[in-house]
Amino acid sequence: NAGVTQTPKFRVLKTGQSMTLLCAQDMNHEYMYWYRQDPGMGLRLIHYSVGEGTTAKGEVPDGYNVSRLKKQNFLLGLESAAPSQTSVYFCASRLGTASNQPQHFGDGTRLSIL
Amino acid sequence: GNSVTQMEGPVTLSEEAFLTINCTYTATGYPSLFWYVQYPGEGLQLLLKATKADDKGSNKGFEATYRKETTSFHLEKGSVQVSDSAVYFCALSVGSGAGSYQLTFGKGTKLSVIP
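1. Overview of the sheet that holds strand E8 (residues 73-78) of chain A
All names here are of chain A.
Reasoning step 1: Strand order in this open sheet of four strands is E1-E3-E8-E7, and the pairing throughout is antiparallel. Each edge of the open sheet carries a strand with a single partner, namely strand E1 (4-7) and strand E7 (65-67). Neighbour to neighbour, the strand axes of the sheet diverge by 20 degrees on average, direction disregarded.
Reasoning step 2: Both strand E3 (residues 19-25) and E8 contribute to a ladder of six bridges, which runs antiparallel. Directly across from Ala24, in E8, lies its bridge partner Asn73.

2. Overview of the pattern of salt bridges
Reasoning step 1: Going through the model one piece at a time under the given rule, you end up with six salt bridges over all chains.
Reasoning step 2: A cluster of three or more residues bridged by salt bridges with shared partners is formed by A:Arg36, A:Asp38 and A:Arg44.

3. Thoughts on the interface of chain B and chain A
Reasoning step 1: Of the residues lining the interface, 21 residues belong to chain B; the matching set on chain A comes to 23 residues.
Reasoning step 2: When the two sides are added together, the surface that chain B and chain A hide from each other amounts to roughly 1700 Å², 55% of it contributed by carbon and sulfur.
Reasoning step 3: Between chain B and chain A we count zero salt bridges in total.
Reasoning step 4: Scanning the region where chain B abuts chain A turns up five residue pairs in polar contact (both at pLDDT 80 or more).
Reasoning step 5: Broken down by element, the side of chain B that touches chain A gets its largest block of residues, four residues, from strand E5 (residues 32-38) of chain B.
Reasoning step 6: Looking at the side of chain B that touches chain A, its residues break down into nine nonpolar, nine polar and three charged.

4. Examining the packing of aromatic side chains
Reasoning step 1: Tallying each qualifying case throughout the model produces 11 aromatic pairs over all chains.
Reasoning step 2: On the numbers, 5.9 Å between centres and 65 degrees between planes, the contact of A:Tyr64 with A:Tyr89 is edge-to-face. Placement of A:Tyr64 in the loop between strand E6 (56-57) and E7 and of A:Tyr89 in strand E9 (residues 87-94) is noted, with a sequence separation of 25 residues between them.
Reasoning step 3: Overall, the relative accessible area of 9% leaves A:Tyr64 in the buried class.
Reasoning step 4: Measuring from centroid to centroid gives 5.7 Å for A:Phe105 and B:Tyr36, while their planes differ by 80 degrees, and the two rings are edge-to-face.

5. What to know about the sheet that holds strand E3 (residues 19-21) of chain B
Residue and element names in this part refer to chain B.
Reasoning step 1: Taken in spatial order, the four strands line up as E3-E9-E8-E7 in an open sheet, and their pairing is antiparallel. For this open sheet the edge positions go to E3 and strand E7 (56-59), each flanked by a neighbour on one side alone. Within this sheet the neighbouring strands show an average axis-to-axis angle of 20 degrees, counted without direction.

6. Thoughts on the state of the cysteines
All names here are of chain A.
Reasoning step 1: The final tally for this structure, using the stated rule, is two disulfides over all chains.
Reasoning step 2: The disulfide that involves Cys23 links it to Cys91, with 1.9 Å between the sulfurs. In this structure the cystine formed by Cys23 and Cys91 twists about its S-S bond by roughly -75 degrees; its chirality is therefore left-handed. Of this pair, Cys23 sits in strand E3 while Cys91 sits in strand E9, and the two are 68 residues apart along the sequence. Each member of the pair Cys23 and Cys91 is classed as buried.

7. Considering unusual backbone geometry
Reasoning step 1: The peptide bond linking A:Thr7 to A:Pro8 adopts the cis configuration, its omega dihedral lying at -5 degrees.
Reasoning step 2: Mapped onto the elements of the fold, A:Pro8 is located in the loop between E1 and strand E2 (10-13).
Reasoning step 3: B:Pro10 follows B:Gly9 through a cis peptide bond whose omega is -5 degrees.
Reasoning step 4: With respect to the secondary-structure elements, B:Pro10 resides in the loop between strand E1 (3-6) and strand E2 (11-14).
Reasoning step 5: Phi at B:Asp54 is positive, roughly 75 degrees, even though this residue is not glycine.

8. Observations concerning the pairing of E9(A)
Residues and elements named next belong to chain A.
Reasoning step 1: E9 sits mainly inside the fold: eight of its eight residues count as buried.
Reasoning step 2: In E9, alternate side chains face the same way, and those of Ser87, Tyr89, Cys91 and Ser93 on one face and Val88, Phe90, Ala92 and Arg94 on the other are all buried.
Reasoning step 3: Here seven bridges tie strand E4 (residues 31-38) to E9, and the two strands are oriented antiparallel to one another. Its bridge partner being in E9, Tyr33 is matched across the sheet by Ala92.

Quick notes on the rules
- Residues numbered from 1 in each chain as written.
- Chains lettered and ligands numbered in written order.
- Predicted model: local features only at pLDDT ≥ 70, side-chain atom pairs only at ≥ 80, totals over all residues.
- Heavy atoms only, no water.
- Pairing = 2+ DSSP bridges.
- Helix = DSSP H or I, 4+ residues; strand = E, 2+ residues; numbered from the N terminus.
- Axes fitted to C-alpha atoms, helices over the stretch in contact; angles between N-to-C directions.
- Salt bridge = Lys/Arg side-chain N within 4 Å of Asp/Glu carboxyl O.
- Contact = heavy atoms within 4.5 Å.
- Buried area = accessible area lost by both parts, 1.4 Å probe.
- Polar contact = N/O pair within 3.5 Å; in protein donor to acceptor, adjacent residues only side chain to side chain.
- Nonpolar A, V, L, I, M, F, W, Y, C, P; charged D, E, K, R; others polar.
- Phe/Tyr/Trp six-rings, centres within 6.5 Å; stacked < 30°, edge-to-face > 60°.
- Buried < 20%, exposed > 50% of the residue type's maximum accessible area, 1.4 Å probe, protein only.
- Disulfide = S-S within 2.5 Å.

All quantities given are derived from atomic positions and should not be read as evidence of function.
Here it is, written out as structure tokens:
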């Protein structure tokens, strides 16, 4: 009963490097989300997807790209990492938009940019 | 637009004390309301939810009642334990219209319980 799985759990990058964070869900959920969490800032939505092959910008999309080629996976890419992108990244999924549907979260990826 | 306002923390309580974390909201239509808990080093977990006015959500000794007249969803627990130390997030969801694809979260309230 995996739920939402994020890979990797920790990563250290140098400024300018690129990387991809992977999110996988096994609940057949339509909607998937990427958030970042910084001290005192709560959760901020980066990008989201309402179905396979679709993506949309959230509150803080600059410097990130996403892809949803398969329904169960949602990838977050950093093309040229910057120290301001040091954060904890959370992926979430949701069955649908019925208001009683909660989001289910992964355990996060802790990313440091030096 | 939709918004959630939580009491600012951190909140520090002694074990067995009574807990209240205030949450008020602004939303179009009739939202569903949620409380999530985040333990250190982990992701957010759904703690409880309520989907209509006067509903009471409960789990692990925590309770919250959906108050439409005061647009509130305060989290309460009668006797906290050290293991309840975590960050608590209030959130809402609307079924249609702007913002219906995602939940709207408050900024979180950090609770520390000391023995």
